[in-house]
Amino acid sequence: MKLRALMPSLLCLPLLAACAVGPDYVRPDMPLPAHYKEAAPGWKIADPADHAPRGAWWTVYADPELDRLVAALNANNQTLQVALANYRQARAAAQEARTGFFPTVGATASTSRKQTGGNQAVTNGHVFSLDASWEPDLWGQVRRTVEASDASTQASAASLAAAQLSAQAELVQDYLQLRVTERQRQLSADTIAAYRQSLTLTRNQFDAGLVTRADVAQALAQLKTVEAQAIDYDLSRRQLEHAIAILVGKAPADFDLPATATLPALPATPAELPSSLLERRPDIAAAERAVAAANATIGVRQSAYFPALTLSASGGFSAAGFASWFNTPARVWSLGAGLAETLFDAGARSARVEQARAAYDASAAQYRQTVLSGLQEVEDNLAALTLLAEEALRQQEAVAAAREAERLALNEYRAGTADFTTVATAQASRRQSEITALQLEGRRYSASVLLIKALGGGWNGNLAPEATTP
């Protein structure tokens, strides 16, 4: 009879559970431009699509050694292991939140032996019971908690993808700069060989009485300066190699990267950009999911204004001996319902709701700022690639002119129609022009990596590599 009396109330619970207090989530408004300022016609912006596959974007540099290193990074980088563990924690927290939809069931078993008063008789007692309690989600607290946990899990997954993309970009940048540094070191070696020939020529002319000792000293100083700079390039390469070792999860002592005489391919920026690229940025996705989690938390806080209903039931056996458990008098059971409501908390609930609203506003602002920062990164690196390409062409013309000037100065010096200062000036100009050309090459590599990263990892899949400077 008691159970039948409770049935109308139990049937009403699904209707009550259909409501969930708090605002439903709507993505914060973030107006975006229709095109990139620094892009060629055809580049445009569209809706978020961080789920789109990024692929092995680093293969656009056509370097097998780089491909091997990135594979090692994906498997062994410890920063990625931290991000992966954080994602697993968030996923487990979301699973825990879902348990709020279900009742809690427990079992109790006890045995006792006692004597009461002056009675010499000793009695035994054995009790076994199953207890269940359930708090129906009348006001959507559990649903909002699950909603927040799911959004946090998605944000954690996006943060993992962001960490992976960032680590990959850092590795690719370090690798490309290491190869440029090798070219700079090779340039120094070639220059040292040329300066040694100039020093020998100057000494021979000094022995013949054609030049002064000052010319010999100047030639020697020029040689030693380049030899010192070559050591600095060696230092830069070693430090970059150490950084790469850490990124791939190895101690520097256990890692060695063989030198190569060629530079990786520099991918050409495509003339048209598909509309699903900036939206793939995982940091933007993580920021947007954080807003969704903050929005759901408002509902969790608001549900505290409403009473909590708890339903409980228990049943079992209690008797002096185990054999009596199955007799009707040994059976025990109970059903109950409790309603709890906070009548006065001095504004604590209101303060918590206001905290949740403020956290939502902060998350929404952070999301908008992340989008704006992404737009800036794309614009900056588009401009860098365009202008650095033009600058590199001019610099190659400067290198060609400096090499010709050096050749003419050396011929005139050998013929005795020019002094060594003219030769030294021409050689220094040629060397500086070649160094600048290599520095520009390094900046173009960096800009290409940063653009790919800013677009969420790649642009249109297979990119035609641009011929690198010989």
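Relevant structure appears above.
> Which residues make up the pattern of salt bridges, and what are the values?
Scanning the entire structure with this criterion turns up 19 salt bridges. For E182, the salt bridge is made with R237, and the minimal N-O distance between the two is 2.7 Å. Placement of E182 in helix α4 (residues 141–207) and of R237 in helix α5 (residues 213–247) is noted, with a sequence separation of 55 residues between them. Here E182 matches R237 in class, with each residue buried. In this structure, the salt-bridge partner of R237 is E241, at a minimum N-O distance of 3.4 Å. Residue R237 and its partner E241 are both found in helix α5; the two are separated by 4 residues, about one turn of the helix. The buried category is assigned to R237, whose relative accessible area is 16%. Using a relative accessible area of 10% as the deciding quantity, one classes E241 as buried.

> Go over the packing of helix α7 (residues 348–415) against helix α8 (residues 420–454) with me, naming the residues and quoting the values.
Closest axis-to-axis distance for the α7/α8 pair is 8 Å, and the angle between their directions is 160 degrees. The orientation of α7 relative to α8 falls into the category roughly antiparallel. Remark: the crossing between α7 and α8 carries left-handed chirality. Among the residues forming the contact of α7 with α8, the class breakdown is 23 nonpolar, 9 polar and 8 charged.

> Outline the packing of helix α6 (residues 282–302) against α7, listing residues and values.
In the contact formed by α6 and α7, the axes pass within 8 Å of each other and the chain directions differ by 165 degrees. The angle between α6 and α7 places the two elements in the roughly antiparallel class. Once α6 is placed against α7, the crossing between them reads as left-handed. Of α7, the residues touching α6 (which contributes D283, I284, A287, E288, A290, V291, A294, N295, T297, I298, R301 and Q302) are R352, V353, A356, R357, A359, Y360, S363, A364, Y367, T370 and V371. When grouped by side-chain class, the residues that make up the contact of α6 with α7 number 13 nonpolar, 5 polar and 5 charged.

> Can you tell me about the packing of aromatic side chains, naming the residues and giving the values?
What the rule picks out here adds up to 2 aromatic pairs. Here W57 and W58 contribute two aromatic rings whose centre-to-centre distance is 5.9 Å and whose plane-to-plane angle is 75 degrees, an arrangement assigned as edge-to-face. Classification of W57 as buried rests on a relative accessible area of 4%. The class of W58 is buried, set by a relative accessible area of 10%. Seen from their ring centres, Y413 and F420 are 5.6 Å apart, and the 65 degrees between their planes marks the pair as edge-to-face. The exposure class assigned to Y413 is buried, which follows from its relative accessible area of 2%.

Definitions and cut-offs
Residues numbered from 1 in each chain as written. Predicted model: local features only at pLDDT ≥ 70, side-chain atom pairs only at ≥ 80, totals over all residues. Heavy atoms only, no water. Salt bridge = Lys/Arg side-chain N within 4 Å of Asp/Glu carboxyl O. Helix = DSSP H or I, 4+ residues; strand = E, 2+ residues; numbered from the N terminus. Buried < 20%, exposed > 50% of the residue type's maximum accessible area, 1.4 Å probe, protein only. Axes fitted to C-alpha atoms, helices over the stretch in contact; angles between N-to-C directions. Parallel < 35°, antiparallel > 145°, perpendicular 65-115°, else oblique. Left-handed = near helix turned anticlockwise from the far one by under 90°. Nonpolar A, V, L, I, M, F, W, Y, C, P; charged D, E, K, R; others polar. Contact = heavy atoms within 4.5 Å. Phe/Tyr/Trp six-rings, centres within 6.5 Å; stacked < 30°, edge-to-face > 60°.

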